[in-house]
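Read off the chains here:
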Amino acid sequence: MRNFYVCYYHIVWATKYRTPSLTSKLEPIIFDTVRQKSEQLNALIHGINAMLDHIHVAVTIPPSMSVADWTRDIKGISAHMTNREFPDLEETFRWQKGYSVHTFGRKVLPFILAYIKNQKQQHQADTTEDYLEYLETD
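Residues numbered from 1 in each chain as written. Predicted model: local features only at pLDDT ≥ 70, side-chain atom pairs only at ≥ 80, totals over all residues. Heavy atoms only, no water.

Participant: Could you clarify how one ought to interpret a nonpolar patch on the surface in this entry?
Facilitator: On the surface, Val-108, Phe-111 and Tyr-131 cluster together to form a nonpolar patch covering roughly 270 Å² of accessible area. Summarising the element assignment, Phe-111 is placed in helix 3 (residues 109-117). (Patch = residues over 30% accessible without salt bridge, like charges linked within 9 Å, V, L, I, M, F, W, Y side chains within 5 Å. Areas by Shrake-Rupley, 256 points an atom, 1.4 Å probe, with all protein chains shown as cover. Salt bridge = Lys/Arg side-chain N within 4 Å of Asp/Glu carboxyl O. Helix = DSSP H or I, 4+ residues; strand = E, 2+ residues; numbered from the N terminus.)

Participant: Hey, could you run me through unusual backbone geometry in this one?
Facilitator: Excluding glycine, residues mostly have negative phi values, and the peptide bonds linking residues are mostly trans. Even without glycine at this site, Tyr-17 takes up a positive phi of about 60°. Mapping Tyr-17 onto the fold places it in the loop between strand 1 (8-14) and helix 1 (27-40). Of note, the phi angle at Asn-42 is positive, near 60°, even though the residue is not glycine. Look at Asn-42 and you get exposed, because its relative accessible area is 57%. (Buried < 20%, exposed > 50% of the residue type's maximum accessible area, 1.4 Å probe, protein only.)

Participant: How should the environment of Gln-124 be read in this particular structure?
Facilitator: Mapped onto the secondary structure, Gln-124 falls in helix 4 (residues 119-125). For Gln-124, a relative accessible area of 72% gives the class exposed.

Participant: Explain the nonpolar core here, please?
Facilitator: Generally speaking, a soluble globular protein has its nonpolar side chains buried in company with each other. In this structure, Ile-30, Ile-55, Val-59, Ile-61 and Trp-70 are the most contacted members of the largest nonpolar core, which totals 27 residues. Residue assignment for this core shows that the elements contributing at least two residues are strand 1, helix 1, strand 2 (44-50), strand 3 (54-60) and helix 2 (67-85). In this structure, Trp-70 is in contact with Ile-11, Trp-13, Ser-38, Leu-41, Ala-43, Ile-45, Val-57, Val-59, Ile-61 and Met-65, ignoring residues within four places of it in sequence. Membership of the second largest hydrophobic core comes to eight residues, among which are Tyr-8, Ala-58, Leu-109 and Tyr-115. (Core = buried A, V, L, I, M, F, W, Y, C linked by side-chain atoms within 4.5 Å. Contact = heavy atoms within 4.5 Å.)

Participant: Got a minute to help me understand the packing of helix 1 against helix 2 in this structure?
Facilitator: A pair of packed helices is characterised by two quantities: the angle between their axes and the separation of those axes. It is at 9 Å that the axes of helix 1 and helix 2 come closest, and there the two elements cross at 135°. On the basis of their axis angle, the class for helix 1 and helix 2 is oblique. As for the relative orientation of helix 1 and helix 2, their crossing is right-handed in sense. Contacts from Ile-29, Ile-30, Thr-33, Val-34, Lys-37 and Ser-38 of helix 1 reach helix 2 at Trp-70, Asp-73, Ile-74, Ile-77, Ser-78, Met-81, Thr-82 and Glu-85. Residues of the contact of helix 1 with helix 2, tallied by class, amount to seven nonpolar, four polar and three charged. (Axes fitted to C-alpha atoms, helices over the stretch in contact; angles between N-to-C directions. Parallel < 35°, antiparallel > 145°, perpendicular 65-115°, else oblique. Left-handed = near helix turned anticlockwise from the far one by under 90°. Nonpolar A, V, L, I, M, F, W, Y, C, P; charged D, E, K, R; others polar.)

The analysis is restricted to geometry; functional conclusions fall outside its scope.
Below you can see the structure in the form of structure tokens.
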């Protein structure tokens, strides 16, 4: 017997000190690592995108795993893989300690996915949603 669950999360976290280090060169390794590790954890990535200093992920995490554990594991492995793949970075790639998480229902999924997909355009046009961008700084 399989368990049924529908748990949607929008999780945002930033680079250490909000350093603008999440470049287009690093995005592919970070995004691939997030997807691969999530698959290993039986979590489903619905959407992922980033700015130079933070990342947005829409994900379904199984109820057997806490959001805090998923986020810790994803942040840890993505920083590790980025530094392994790019050992000559000017500074070691690191994430800040905190994160922001929102839960949402299926009807809101298209809005969240569009919001994540259009991150760069929204930041450039200054049309972001403050509550979806909120992060404490270290």
